Amino acid sequence: MKFSLSVSQLCLFGLALPFLHGCSALQEITPLAPADAFLKDYATVAFYEEGASFQDRKLMRWCRPVSVYLPESLPDAAAASAAETLDWLAGTEGLSLTMPGDPAMASLVVKTPATTIERDRIVDETFPHDRYSRRRMKKATCFFEISTEVNGCILRGSVVVPAYHTPALQTHCMAEELVQAMGLPNDGSFGPESVFSSGSAAVTASPRDRLFVRLHYHPGLRPGMSRQEALAAARRNATDLLSEADRLEPQ
């Protein structure tokens, strides 16, 4: 049987070839190795920020002990969450925490405004020259802010968890904002058990969240590294951390 195609059919066939090739290529894609998937997630929370490119973002973390001030008026739920979060953070190699009793002596201050008016005053004082951030933070459920040196070392910061929120929301906010204030500022999509996930109600950092912090403060990484430099240095460390986590996982 003689087979022939019209010009229009040939055009359609030509247009379809890249699509068909793409479908074939998709079938050949293999899942990321565990360490690569972990590094991809870590890069999301550590190096991407709205309005900034991956290439421009540098690794930032505390280079000196973090002196955290918790006000005596902290609501019970927020206080319990802060204590639990700071306890496991203090066990992270490369991250040192102290608890001064005077906010003037602290580098990271926790604030719990009792009203939206008080919250807005804190926002105005925190971002006096940044109208965009003021607008965003006045709409945020809770938030943190940090200031860094040119080399990526964090100098100071604050965590704001309104006391007018429900106890459950205060618990989540404190767990999330204290972790992000360690230099992991961004949200991700890691499931409801992660404090980094948008919309999550997690009341404590997940095991994977804690591995992000451990990797971030690993001595093989340093403040000021670019995303590419940090991920190249972290590859072996990520494999070791995941292997250790697997060994410790209950059978």
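Predicted model, so just to flag it, every value in this text is computed and none were measured.

## Digging into the overall build of the protein
Move 1: From N to C terminus, the protein includes eight helices and six strands.
Move 2: In sequence order, the protein lays out its α and β elements as α-α-β-β-α-β-β-α-α-β-β-α-α-α.
Move 3: Out of the 251 residues in the protein, the part that is buried amounts to 43%.
Move 4: Put simply, 66% of the contacts in the protein that link residues at least 6 apart link residues at least 24 apart.
Move 5: Taken as a whole, the protein presents about 14,200 Å² of accessible surface, with 57% of it coming from carbon and sulfur.

## Description of the nonpolar core
Move 1: Ranked by size, the top nonpolar core spans 55 residues in total, and within it Tyr42, Leu108, Val159, Met174 and Met182 carry the most contacts.
Move 2: Looking at this core element by element, the count peaks at eight residues for helix α2 (residues 34-47).

## Some points on the confidence of the model for the protein
Move 1: Per-residue pLDDT for the protein averages 86, and the proportion of residues at 70 or more is 82%.
Move 2: Counting contacts from residues 23-27, a segment whose pLDDT is below 50, to residues more than four positions away or on other chains yields zero contacts.

## Remarks on the packing of α2 against helix α7 (residues 207-216)
Move 1: Orientation of α2 relative to α7, taken along the N-to-C sense of each, is 75°, at an axis distance of 10 Å. The angle between the axes of α2 and α7 places the two elements in the roughly perpendicular class. Of the residues in α7, those touching α2 at Ala37, Phe38, Leu39, Asp41, Tyr42, Val45 and Ala46 are Arg208, Leu211, Phe212, Leu215 and His216.
Move 2: By residue class, the composition of the contact of α2 with α7 is nine nonpolar, one polar and two charged.

How each quantity is defined
Residues numbered from 1 in each chain as written. Predicted model: local features only at pLDDT ≥ 70, side-chain atom pairs only at ≥ 80, totals over all residues. Heavy atoms only, no water. Helix = DSSP H or I, 4+ residues; strand = E, 2+ residues; numbered from the N terminus. Buried < 20%, exposed > 50% of the residue type's maximum accessible area, 1.4 Å probe, protein only. Contact = heavy atoms within 4.5 Å. Areas by Shrake-Rupley, 256 points an atom, 1.4 Å probe, with all protein chains shown as cover. Core = buried A, V, L, I, M, F, W, Y, C linked by side-chain atoms within 4.5 Å. pLDDT = per-residue confidence, 0-100. Axes fitted to C-alpha atoms, helices over the stretch in contact; angles between N-to-C directions. Parallel < 35°, antiparallel > 145°, perpendicular 65-115°, else oblique. Nonpolar A, V, L, I, M, F, W, Y, C, P; charged D, E, K, R; others polar.

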